[in-house]
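Observations on the model geometry
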Amino acid sequence: MQFVRMTLHVAIAATLLVSSGVARANADLAKKHNCTACHAIDKKLIGPAYQEVAKKFKDQPDAVAKLTKSVKAGSSGVWGPVPMPPNAGVSDADIKTLVDWVLGQAK
């Protein structure tokens, strides 16, 4: 029984370390592609906070597709008068990673 408990604790600790490492890598990816010039996790800058985006799209089954398109092609009028410029130079894989990460910010 003690072995099972210890194994469970190790598994939980490993999961937390991996999760925080992934979150950090995704935050670094957002910084690399200049997303953080207009967005923050928990507050509006020029664009909406990631938490607000996640909250708005939380129950939409096509959220990933919609957000991927908005990031790649740009958008306007969704969050106010300031348009989001297109990010055509960002790889589809990076956009998918960023969109999944943003959607995971719902509180």
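A quick note: this is a predicted structure, and the numbers were derived from the prediction, not measured. Every chain's residues receive numbers from 1 upward, in the order its sequence appears when written. Since the coordinates come from a predicted model, pLDDT governs what is reported: local features require at least 70, and pairs of side-chain atoms require 80 or more to be given and counted, while whole-chain, interface and lining totals use all residues. Each side-chain value is derived from all of the structure's non-hydrogen atoms; neither hydrogens nor water enter the calculation.

What about the side chain of Gln51?
In plain terms, the rule: Where helices and strands are cited, they refer to DSSP runs of H or I of at least four residues and of E of at least two residues respectively, numbered from the N terminus. Think of it in three bands: residues with accessible area under 20% of the maximum for their type are buried, residues over 50% are exposed, and the middle band is partly exposed, with areas taken using a 1.4 Å probe on protein chains only. In this analysis, two residues are considered to be in contact whenever any of their non-hydrogen atoms come within 4.5 Å of each other.
Along the polypeptide, Gln51 turns up in helix α2 (residues 50-57). We classify Gln51 as buried; its relative accessible area is 17%. Excluding its chain neighbours within four sequence positions, the residues that come into contact with Gln51 are Ile41, Asp42, Gln105 and Lys107.

Let's talk about the packing of helix α3 (residues 63-73) against helix α4 (residues 92-103)
Where we set the bar: Here an axis means a line fitted to C-alpha atoms, over the contact stretch when the element is a helix, while the angle between two N-to-C directions is reported on a 0 to 180 degree scale. When an angle is under 35 degrees it counts as roughly parallel; over 145 it counts as roughly antiparallel; between 65 and 115 it counts as roughly perpendicular; any other value is oblique. In this scheme, a crossing is called left-handed if the near helix is turned counterclockwise away from the far one by less than a right angle; it is called right-handed if the turn is clockwise. All residues other than Ala, Val, Leu, Ile, Met, Phe, Trp, Tyr, Cys, Pro, Asp, Glu, Lys and Arg, Gly among them, are scored as polar; the first ten of these are nonpolar and the last four charged.
Where α3 meets α4, the axes come as close as 9 Å, and the angle between the chain directions of the two elements is 125°. As judged from the angle between their axes, α3 and α4 are oblique. In the packing of α3 onto α4, the handedness of the crossing is right-handed. On the side of α3, the interface is formed by Ala63, Val64, Leu67, Thr68, Val71 and Lys72, while α4 contributes Asp92, Ile95, Lys96, Val99, Asp100 and Leu103. Broken down by class, the residue content of the contact of α3 with α4 amounts to 7 nonpolar, 1 polar and 4 charged.

Describing the confidence of the model for the protein
Put simply, the rule reads: Confidence of the predictor in every single residue is expressed as pLDDT, which spans 0 to 100.
In the predicted model, the protein carries a mean pLDDT of 83, and 79% of its residues have values of at least 70. Per-residue pLDDT stays below 50 along residues 3-20; that stretch engages in 0 contacts with residues further than four places along the chain or on separate chains.

Looking at the pattern of salt bridges
Pairing is possible between side chains that carry opposite charge, provided their charged atoms lie close to one another. Where we set the bar: We define a salt bridge as a side-chain nitrogen of Lys or Arg found within 4 Å of a carboxyl oxygen belonging to Asp or Glu.
Inspection of the entire model under this criterion finds 3 salt bridges. For Lys96, the salt bridge identified is with Asp100, shortest N-O distance 2.6 Å. Residue Lys96 and its partner Asp100 are both found in helix α4; the two are separated by 4 residues, about one turn of the helix. For Lys96, a relative accessible area of 40% puts it in the partly exposed group.

Focus on the nonpolar core
This is how it is decided: Think of a nonpolar core as a cluster: buried Ala, Val, Leu, Ile, Met, Phe, Trp, Tyr and Cys residues, connected wherever their side-chain atoms sit within 4.5 Å.
Core analysis: the biggest nonpolar cluster contains 15 residues, and Ala30, Tyr50, Leu98 and Trp101 have the highest contact counts within it. Those elements giving two or more residues to this core turn out to be α1 (2-32), α2, α3 and α4. When residues of this core are assigned to their parent elements, the largest contribution, 5 residues, is made by α4. Excluding anything up to four places from it in sequence, Leu98 contacts Asn26, Leu29, Ala30, His33 and Cys35.

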